[in-house]
Amino acid sequence: MIQIGLHSVFPTSILEYNLEEVIDESQIEQLKNLESVCETHDLIRDGISTYAVYQNLLTDAEGFGWLGDILFTCIAKYEKLLNLRKLGITNCWTNITSKGAKVMPHRHEGSVCSGALYVQGAEDSAELMFHSPLKPYRMFDLFDGENEHNTYYHYVKPKPLTLYIFPSWLEHETKMETSTEKRQVISFNTSYV
């Protein structure tokens with residue numbers, strides 16, 4: 001009998017945090033009210049963002065200290081998991097999309113890890129899609145089917161008040177939104193302090 005062992009080498013960690021018990025209704029409303037200062041953004045087709053207005057919601061807009069406290073708590077857990085040096089948030093913004101919108105494939109240059117906190121959205125909202133960084137190196141692999149060992153994409157189903165933290169070099173996008181409900185995401189970048 002042949003015994004088999006499987007080594008999952010060089011994992012890419014994406015942390016998921018359920019924040020339903022730490023963000024209250026008044027804070028959700030405060031985040032939703034950011035829509036009034038949003039503008040168009042090149043990476044979001046048919047969506048809007050505060051990126052051009054507030055480079056960092058935590059320092060440029062009033063009353064978001066509570067959000068910074070939550071994000072820093074989650075970032076500290078990510079630092080510990082990866083044994084990273086202490087990180088600080090360099091910028092923080094919100095994107096708002098609705099039916100027909102799409103977030104184009106991108107990475108977050110000049111950042112260690114990035115985050116996406118889903119404030120609102122429908123159950124059938126478009127998934128967050130991560131691209132495998134191994135794709136350019138597997139130029140001669142031919143697959144008969146897709147599985148967890150050969151896929152070039154990983155999909156995350158966004159849920160309201162869920163935060164995902166991932167390495168900033170990991171390319172990601174959101175396919176075209178099919179839900180009629182608004183979707184709002186708070187995003188951020190980090191650097192060493």
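These figures come from a predicted structure and were not determined experimentally. (Residues numbered from 1 in each chain as written. Predicted model: local features only at pLDDT ≥ 70, side-chain atom pairs only at ≥ 80, totals over all residues. Heavy atoms only, no water.)

A.B. asks: Sorry if this is basic, but what is going on with the overall build of the protein chain here?
C.D. replies: Helix and strand content of the protein chain: three helices and 11 strands. When its helices and strands are written in sequence order, the protein chain yields β-α-β-β-α-α-β-β-β-β-β-β-β-β. Compactness check: the protein chain gives a C-alpha radius of gyration of 18 Å against a globular reference of 16 Å for 193 residues, within 12% of the reference. Projected onto the principal axes, the alpha-carbon positions of the protein chain cover approximately 65 × 40 × 30 Å. Taking all 193 residues of the protein chain together, the buried fraction comes to 45%. Taking as baseline every contact in the protein chain between residues at least 6 positions apart, the subset at least 24 positions apart corresponds to 84%. Just so you have it, the protein chain exposes about 11500 Å², and 52% of that area is on carbon and sulfur atoms. Distance between charge centroids for the protein chain: 5 Å, based on 16 positive and 26 negative side chains. (Helix = DSSP H or I, 4+ residues; strand = E, 2+ residues; numbered from the N terminus. Rg over C-alpha atoms; globule rule 2.2 N^0.38 Å. Buried < 20%, exposed > 50% of the residue type's maximum accessible area, 1.4 Å probe, protein only. Contact = heavy atoms within 4.5 Å. Areas by Shrake-Rupley, 256 points an atom, 1.4 Å probe, with all protein chains shown as cover. Lys, Arg positive; Asp, Glu negative; His and termini not counted. Charge placed at Lys NZ, Arg CZ, Asp CG, Glu CD.)

A.B. asks: Sorry if this is basic, but what is going on with the nonpolar core here?
C.D. replies: What tends to happen in soluble globular proteins is that the nonpolar side chains get buried as a cluster. Counting 31 residues, the largest nonpolar core has L67, C92, L163, I165 and I186 as its most contacted members. Counting residues per element, the ones that place at least two in this core are β1 (15-18), α1 (25-32), α2 (57-60), α3 (65-82), β4 (87-97), β6 (113-120), β9 (162-167) and β11 (183-192). The element that contributes the greatest number of residues to this core is α3, accounting for seven residues. Filtering out sequence-adjacent residues up to four positions away, I186 remains in contact with L31, L34, L57, L67, C92, W93, T94, G115, A116, L117 and V119. With nine residues, the next largest nonpolar core counts Y118, Y164, F166 and L170 among its residues. (Core = buried A, V, L, I, M, F, W, Y, C linked by side-chain atoms within 4.5 Å.)

A.B. asks: Just to check I follow, could you spell out α1 for this structure?
C.D. replies: Within an α-helix, residues lying three or four positions from one another point in the same direction, as the helix has 3.6 residues per turn. When we look at burial in α1, the residues that qualify are Q27, I28 and L31. One face of α1 carries all of its buried residues, which in axial projection span an arc of 105°. Opposite the buried face of α1, at more than 90 degrees from it, the exposed residues are E25 and S26. Elements in contact with the buried residues of α1: α3, β6 and β11. (Arc of directions from axis to C-beta.)

A.B. asks: Help me understand the side chain of E173, please; the structure alone is not making it clear to me.
C.D. replies: Within the secondary structure layout, E173 lies in strand β10 (residues 172-174). You can call E173 buried: its relative accessible area is 4%. Within polar-contact distance, the side chain of E173 engages the side chain of K102 at 2.7 Å. At 2.6 Å, the side chain of E173 forms a polar contact with the side chain of H131. (Polar contact = N/O pair within 3.5 Å; in protein donor to acceptor, adjacent residues only side chain to side chain.)

A.B. asks: I'm lost on α3 in this one. Help?
C.D. replies: When the terminal C-alpha atoms of α3 are compared, their 26 Å separation across 18 residues agrees well with the 26 Å that a helix rising 1.5 Å per residue should span. Every buried residue of α3 is listed here: W66, L67, G68, I70, L71, C74, I75, Y78 and E79. Two residues or fewer past α3, N83 is found with a positive phi of approximately 60°. (Expected span 1.5 Å × (residues − 1).)

A.B. asks: Looking at this structure, I do not really get the pattern of salt bridges. What am I missing?
C.D. replies: Close approach of charged atoms allows side chains of opposite charge to pair. Here the structure, examined in full by the defined rule, presents eight salt bridges. Close ionic contact of R107 with E109 constitutes a salt bridge, the shortest N to O distance being 2.7 Å. Residue classification places R107 among the partly exposed positions, given a relative accessible area of 45%. Judged by relative accessible area, E109 falls into the exposed class, the value being 61%. Each of K102, E173 and K175 takes part in a single network of salt bridges with overlapping partners. (Salt bridge = Lys/Arg side-chain N within 4 Å of Asp/Glu carboxyl O.)

A.B. asks: Which parts of the structure should I look at to understand the side chain of Q184?
C.D. replies: Along the chain, Q184 turns up in strand β11. Of the polar contacts made by the side chain of Q184, one reaches the backbone oxygen of L31; its length is 2.7 Å. Discounting residues that sit within four places of it in the chain, Q184 has contacts with L31, K32, L34, T94, N95, I96, L117, Y118, V119 and Q120.

Read these as layout, nothing more, since geometry by itself doesn't imply function.
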